[in-house]
Amino acid sequence: MKTTVLIVGDPLEKLRFDSDSSLALAEGALELGFKVHWTTPSQLDLLNGSLLVQNPVEIRKVGGNAASSEAITLENISLPALTYKKILIRKDPPFDENYVDLCWFMSQTPAGLVVNSGEALLLHHEKLTPWTIA
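A brief structural summary.

The rules behind the values
- Residues numbered from 1 in each chain as written.
- Predicted model: local features only at pLDDT ≥ 70, side-chain atom pairs only at ≥ 80, totals over all residues.
- Heavy atoms only, no water.
- Buried < 20%, exposed > 50% of the residue type's maximum accessible area, 1.4 Å probe, protein only.
- Helix = DSSP H or I, 4+ residues; strand = E, 2+ residues; numbered from the N terminus.
- Arc of directions from axis to C-beta.
- Contact = heavy atoms within 4.5 Å.
- Polar contact = N/O pair within 3.5 Å; in protein donor to acceptor, adjacent residues only side chain to side chain.
- Phe/Tyr/Trp six-rings, centres within 6.5 Å; stacked < 30°, edge-to-face > 60°.

1. Quick word on helix α1 (residues 21-31)
Within an α-helix, residues lying three or four positions from one another point in the same direction, as the helix has 3.6 residues per turn.
Argument step 1. Of the positions making up α1, those classed as buried are S22, L23, A26 and A29. Along the axis of α1, the buried residues cluster in a sector spanning 115°; they form a single face.
Argument step 2. Contacts from the buried residues of α1 go to β1 (4-8), β2 (35-39) and β5 (57-61).
Argument step 3. Regarding α1, its N-cap is D20, as a side-chain oxygen of that residue lies 2.8 Å from the backbone nitrogen of S22 further along.

2. What about the packing of aromatic side chains?
Argument step 1. This model, assessed by the stated rule, comprises one aromatic pair.
Argument step 2. Both rings, one in F95 and one in Y99, keep their centres 4.7 Å apart while their planes meet at 70°; by these two values the pair is edge-to-face.
Argument step 3. Residue Y99 is classed as buried on the basis of its relative accessible area of 5%.

Take a look at the structure:
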């Protein structure tokens, strides 16, 4: 069984397949032999303090556009966060109340599961890095 990673980001249909860095990460993971699941913040739930992923999309191929890519939605499925080897938060702006909720949800996962933890993103979002380098 392949190791599975999860990317939490914007809906796939809203991304630019020719230049989105999150899709480049998905493509790299596929090339390394990982299985890649994609979800949006609205597909995350908490049940008794445990993060659940509802109906993720399994990305099988990333192409230069949606037509040359391959992905299927895993219908009627709820997977615990511990299903995944690693989780990446790749949500683009706006960084609003929904973004804060996403970070709080992700903070309910075991330490080290989320590569860019919700706590760290709330303190210092990666999009701020160019503005903080002296």
